[in-house]
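Secondary and tertiary structure notes
Chain by chain, the residues:
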Amino acid sequence: MNINKLSKPLITLYQPQDTRKFCSFSILNNKAGSLNLETKPDTYGQGYRFVTELRNRFGKLLGFEQFTLFDKDRKSTGLLISVEEEYRNKKYYFGEILRLASVIDIIENKLKKFEIYSKSTAIYFHSKYKFEPAIKNFDERDNALKAIINNQNPQYRYLAEHAKELLFLSETSNDSEFQRKLCLQANKVINEYTEKVIQNKDYKKYPFNWGMAMQLTSENINKNKDFFNKLFRKHNIDYKI
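Residues numbered from 1 in each chain as written. Predicted model: local features only at pLDDT ≥ 70, side-chain atom pairs only at ≥ 80, totals over all residues. Heavy atoms only, no water.

Quick notes on the overall build of the protein chain
Within the protein chain, the regular secondary structure consists of seven helices and nine strands. Rg of the C-alpha trace for the protein chain: 19 Å, near the compact-globule value of 18 Å for 241 residues, within the 12% margin. Along the first, second and third principal axes, the C-alpha atoms of the protein chain reach 60 × 40 × 30 Å. Counting only residues that meet the buried cut, the protein chain has 48% of its 241 residues in that class. Taking as baseline every contact in the protein chain between residues at least 6 positions apart, the subset at least 24 positions apart corresponds to 61%. About 13600 Å² of surface is accessible on the protein chain, with carbon and sulfur atoms providing 48% of the total. (Helix = DSSP H or I, 4+ residues; strand = E, 2+ residues; numbered from the N terminus. Rg over C-alpha atoms; globule rule 2.2 N^0.38 Å. Buried < 20%, exposed > 50% of the residue type's maximum accessible area, 1.4 Å probe, protein only. Contact = heavy atoms within 4.5 Å. Areas by Shrake-Rupley, 256 points an atom, 1.4 Å probe, with all protein chains shown as cover.)

Listed below in structure tokens is the structure:
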């Protein structure tokens, strides 16, 4: 096997007369051997639910992502992304490959954003691939702020202080419009915090104990195109933003 051989994604329409496009491609240089990725209607499809599956050459399922996408919609919603437990945190990068497939789908479908609700243990994973907090729920916001406040590391003190100020404002106001504006401010602080934690490789030290809404926007993909293009090259995927 030539590990330098590139795999060009195949982009196909879901159905004739339909605007939705999905990708499939092979990975030829993974340490688990050659892999195949395919997006298809989910079992519970009903025309708007789909699943991207990553399998080895024997057809064994290694990981998947379920999501919804309506025809002519400008956003997609991720429902569940999962990698088989035996392959997690062992540098197979199956989650990363699945995420690259969703990036291709966002671009090819000209979507504005891909929305998810991340469980607490996956927040840093999604942040690594340029997802940002998109919290609208007030309790969700306050719990994220508390996690930052509880971080006693001096490197994060200025963010903890900012989070403390926002939490104080949250607890002293009953105005719904003001609370919604606080969500916008909090999302920026939380995003800066997760980026810094990832940069310092501190994500195991400072976990969140509450999930949160997140989103990957087309704007952020273009802003970070060098990052994503490097990942495409890493996996020998012939695709460039």
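Brief notes about the sheet that holds strand 7 (residues 113-118)
With respect to topology, nine strands assemble into an open sheet ordered 1-2-3-4-5-6-7-9-8, the strand pairing being mixed. The sheet is open, and its two edges are formed by strand 1 (10-13) and strand 8 (132-133), each paired on a single side. Summarising the sheet, strand 2 (residues 21-30) and strand 3 (residues 33-41) pair through five bridges and their orientation is antiparallel. Bridging across to strand 3, S24 finds its partner in E38. (Pairing = 2+ DSSP bridges.)

Considering the packing of helix 4 (residues 157-171) against helix 5 (residues 176-199)
Two numbers describe a pair of packed helices, the interaxial angle and the distance between the axes. Interaxial distance between helix 4 and helix 5 falls to 10 Å at its minimum, and their mutual angle equals 160°. Compared by their axis directions, helix 4 and helix 5 come out roughly antiparallel. Between helix 4 and helix 5 lies a crossing of left-handed hand. Within the contact between the two elements, helix 4 uses Y158, L159, H162, L166, L169 and S170 and helix 5 uses F178, Q179, L182, Q185, A186, V189, E192, Y193 and K196. (Axes fitted to C-alpha atoms, helices over the stretch in contact; angles between N-to-C directions. Parallel < 35°, antiparallel > 145°, perpendicular 65-115°, else oblique. Left-handed = near helix turned anticlockwise from the far one by under 90°.)

Points about the packing of aromatic side chains
For any two aromatic rings, the description comes down to two numbers: the centre-to-centre distance and the angle of the planes. In this structure the tally under the stated criterion is 19 aromatic pairs. When the centroid spacing of 6.1 Å and the interplanar angle of 75° are considered together, the rings of F114 and F131 count as edge-to-face. Placement of F114 in strand 7 and of F131 in the loop between helix 2 (123-128) and strand 8 is noted, with a sequence separation of 17 residues between them. A relative accessible area of 3% means that F114 is categorised as buried. For F131, a relative accessible area of 1% gives the class buried. Relative to Y203, the ring of Y124 has its centre 6.4 Å away and its plane inclined at 45°; by these criteria the two rings are tilted. On the criterion of sequence distance, the pair formed by Y124 in helix 2 and Y203 in the loop between helix 5 and strand 9 (212-217) is long-range, its members being 79 residues apart. For Y203, a relative accessible area of 38% translates into the label partly exposed. (Phe/Tyr/Trp six-rings, centres within 6.5 Å; stacked < 30°, edge-to-face > 60°.)

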